[in-house]
Amino acid sequence: MSPTFNTEKKSIMLPLPISPAKGSTFDYLVPPGLDISLGDFVSVPFGSRSIRGVVWGNPVGNCSEEKLRRISERLDCPPLPKVSREFIEWVARYTVNTPGAVLKMVMSVPDALSPPKPILTFKINTMQNDFLLTPERNRVLKILEKEETIPTAELARKAKVSPNVIKGLVNKGKLISVKTPAKSATQDLKTNLTENKPKLSLDQNKAAKILETTTENETFSVTLINGVPGSGKTEVYFQAIAKALKNNGQVLVLLPEISLSAQWLERFRVRFGKDPVEWHSELTPAIRRKTWRAVAEGQALVVVGARSALFLPFLNLKLIVADEEHDTSFKQEEGVIYNARDMAIVRAQIGSIPIILASATPALETIHNVKQGRYKTIHLPNRYGDAKLPTIETIDMRNEKLNAQSWLSPTLQAMLEKTFVGKEQAMLFLNRRGYAPLTLCRTCGHRFHCPNCSAWLVEHRQGGFLQCHHCGFNKRLPKFCPSCEKENTLAACGPGVERLAEEVKKLFPDIRITIASSDTITGPKAASKFVRKIENHEVDLIIGTQIVAKGYHFPLLTLVGAVDADLGLTGGDLRAAERTHQLLYQVAGRAGRSSRRGRVIIQTYMPEHPVMKALQGGKQKNFMEAETASRRKANMPPFGRLAAIIISAKSEEVADATAALLSKFRPSAEGITVLGPVPAPMAFLRGRHRRRLLLKTTKKFNIQGVIRDWLERARNPKNARVQIDVDPYSFY
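These lines cover the structure that appears in this document, whether it is placed above or below. (Residues numbered from 1 in each chain as written. Predicted model: local features only at pLDDT ≥ 70, side-chain atom pairs only at ≥ 80, totals over all residues. Heavy atoms only, no water.)

### Some details on the packing of aromatic side chains
Describing an aromatic ring pair means giving the distance of the ring centres and the angle of the ring planes. Summed over the entire model, instances satisfying the criterion amount to 13 aromatic pairs. Relative to Phe 268, the ring of Phe 238 has its centre 5.7 Å away and its plane inclined at 85°; by these criteria the two rings are edge-to-face. On the criterion of sequence distance, the pair formed by Phe 238 in helix H7 (residues 233-246) and Phe 268 in helix H8 (residues 261-272) is long-range, its members being 30 residues apart. The pair formed by Phe 238 and Phe 268 is uniform in burial state, with each residue classed as buried. Ring geometry for Phe 238 versus Phe 272: centroids 5.7 Å apart, planes at 65°, classification edge-to-face. With a gap of 34 residues between them, Phe 238 in helix H7 and Phe 272 in helix H8 connect regions that are remote in the sequence. Neither residue differs from the other here; Phe 238 and Phe 272 are each classed as buried. Taken together, the ring pairs in this structure connect Tyr 237, Phe 238, Trp 264, Phe 268 and Phe 272 into an aromatic cluster. Arg 461 extends its terminal NZ or CZ atom over the ring of Tyr 435, reaching a point 3.9 Å from the ring centre. Of note, Arg 575 hangs over the ring of Tyr 729, and the distance from its end group to the ring centre comes to 4.0 Å. (Phe/Tyr/Trp six-rings, centres within 6.5 Å; stacked < 30°, edge-to-face > 60°. Helix = DSSP H or I, 4+ residues; strand = E, 2+ residues; numbered from the N terminus. Buried < 20%, exposed > 50% of the residue type's maximum accessible area, 1.4 Å probe, protein only. Lys NZ or Arg CZ within 6 Å of the ring centre and 35° of its normal.)

Here it is in structure tokens:
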């Protein structure tokens, strides 16, 4: 009988949204001779397929070796750092998700787990001269005399020849092919740290020194830069970035919308002399692969990106910056639902590093944490240089006499004319994309609605189509009503940015207009083009949605008009007033950012609303104090806890049955309230029927524990989907 030997076992985390019966990892055997360490990326058999995962720890189950399968291989990739593994587990616990679902966000670029393939380059064989030297071949050889390691495609492009010319030289023996390691994505910024340092104001310099000291300490802290629009917050935290780079660390800068990056990238380029590494959905797969690998190897020193950049496997992260920290775009609403600002603070705490939050309109939760002493704060009360804050006035639209199908008050029209005569630029803000939010038949009243969602189709007249802004469904704008079949009876109801542009063009036919929305600014390239046009004064008027409300600096922009300022104040959203205040204040902040004084006109049907009074009177602090008192009285965040439970199913009956089942097992205790179930405001979304429950607790409760216990007792059907949104921001 042969002796038996104990084989090493390891638990492996797989990027799958499932949990084994006893924990969140799967046990595997380590083959003899395979060196495995915590954090290593490995390939393992899973069912009938092979899947990649991460070595998480020692075995957690009691399966015998005969029942366990072996790890197939260890991948040639830097291991996932301990801080990243701890962060994954924390996010999973907080959002009530499986760690595997969070790991999937980290392993978002599977190809990056393998080293880049060598590049085929060429060198000249000086021993071979017996061949015909054509002009094309001669150009190739002259380039290789200067650059020995150059890929085929680049060599052909520079020599202005076809790849067949290079192939012919190889066949003749004049060129020798050489496999060269692929170029890394290293961004060497350290050599440029002292160049192009701007002259800071006294307030900026004081703030910068505080941040430099905080960064130098390399311990966890949260610092809020609360500065008015145009006060130079970006230049201040650039000083902290420079300090982190001098200390050989990596830096992550989170921006809520990648469209904001055009001017930010240019400022960074001027300050540091090089580009940072970008991370967002518009990158090509090849760039994403190189970037992910460069971050993991510690070569990418400064990363600027959207919320998903938070889950990159940083080797030596020393500083995080969350710019426009109040912005709701930091909230991920699909899959693992999380707030990137809040999770960035957690990531900083786990890694024992500082994080900087920057905003002209900090979130109420952030202000509360400052008052509680959890966060430090730096205030920049003045604009940089000789720029002054704009004057803000409200127009009571109840007293205005407007023509039919007109949305601009006489006061705003007069201000626009004065601005254009003075060769200055203006901006009209309307947070509605397209031409009109609703199209109906004047004869029978038929309304165009989305077949997949509880939403009307928005007319986009410039493109000649109707579109759902929730699922993307679109159709051509018909000539006949599909219900009564009458021709030319379709009427647009309400304004969108396209319709507003139509009205302005009639009033001022000679001005140059550009529309800025997510339909026209679709990524960094489009944003850069938009910025160049404004800066070169190729545009007189910008008509935009919230995409232009923050981040941009245009010296000639002196007038801002908010056309439908009340939009967003209605509904059951607890943050409606705060969000509207933030948005309008940010929009106002685009005016007069240089030596020319700015003016802001806000058209409203509710001038008595606290938001409008705060904006006109410059009493933002008073508004936030009143909003805080209201939240405290209602025991709403940050004084209480909220979590939404969203049920969705393809069948309305299944959605109702699942909601009823969850309601049956609802938690009951003093300090816990469950509202619902009710149809969600968006009761039909992307082909699924939706129901909602809202869990409200006092601060003493572990709301995640309450939810887990609730769901375990209910055991919802497999053909229904249950999503958890802890700390909900939207209630659609």
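### Examining the nonpolar core
One finds Phe 41, Leu 252, Trp 292 and Val 303 to be the most contacted residues of the largest nonpolar core, which totals 53 residues. Residue contributions to this core peak at 6 residues, all from helix H10 (residues 340-351). Residues contacting Val 303, with those up to four places away along its chain left out, are Val 251, Leu 252, Val 253, Val 277, Trp 279, Val 295, Leu 312 and Phe 314. Among the nonpolar cores identified, the runner-up in size contains 40 residues, and Phe 429, Ile 542, Leu 569 and Leu 584 belong to it. (Core = buried A, V, L, I, M, F, W, Y, C linked by side-chain atoms within 4.5 Å. Contact = heavy atoms within 4.5 Å.)

### Some thoughts on the sheet that holds strand S12 (residues 317-323)
Reading across from one edge, S10-S11-S9-S12-S15-S8-S16 is the order of the 7 strands in this open sheet, with parallel pairing throughout. The open sheet is flanked by strand S10 (277-279) and strand S16 (376-380), the only strands paired with a single partner. Neighbour-to-neighbour, the strand axes of the sheet open up by a mean angle of 20°, direction not taken into account. Pairing of strand S8 (residues 221-227) with S16, which is carried by 5 bridges, proceeds in the parallel orientation. Each residue of the ladder has a partner; that of Ile 225, found in S16, is Ile 378. H8 contacts strand S9 (250-254), S10, strand S11 (302-305) and S12 of the sheet and is inclined by roughly 165° relative to S11. (Pairing = 2+ DSSP bridges. Axes fitted to C-alpha atoms, helices over the stretch in contact; angles between N-to-C directions.)

### What to know about unusual backbone geometry
Glycine aside, the phi torsion of most residues is negative, and most peptide linkages are trans. Following Pro 637, the chain continues to Pro 638 via a peptide bond in cis, the omega torsion being 10°. Tracing the backbone through its elements, the reader meets Pro 638 in the loop between helix H17 (620-634) and strand S28 (640-649). In this structure, the amide linkage connecting Gly 676 to the following residue, Pro 677, adopts the cis form with an omega of 10°. Inspection of the secondary structure puts Pro 677 in strand S29 (residues 672-685).

### So, the side chain of Ser 663
Among the structural elements, Ser 663 can be located in helix H18 (residues 652-664). What makes Ser 663 buried here is its relative accessible area of 18%. Once residues within four sequence positions are removed from consideration, Ser 663 is found in contact with Gly 676, Pro 677 and Leu 693.

### Observations concerning the packing of helix H11 (residues 364-371) against H17
One can describe the packing of H11 onto H17 by two numbers: an axis separation of 11 Å at closest approach and a directional angle of 90°. Here H11 is positioned roughly perpendicular relative to H17, judged by the angle of their axes. For the pair H11 and H17, contact is made by Leu 364, Glu 365, Ile 367 and Lys 371 and by Met 624, Glu 625, Glu 627, Thr 628 and Arg 631, respectively. For the contact of H11 with H17, the residue count by class is 3 nonpolar, 1 polar and 5 charged. (Parallel < 35°, antiparallel > 145°, perpendicular 65-115°, else oblique. Nonpolar A, V, L, I, M, F, W, Y, C, P; charged D, E, K, R; others polar.)

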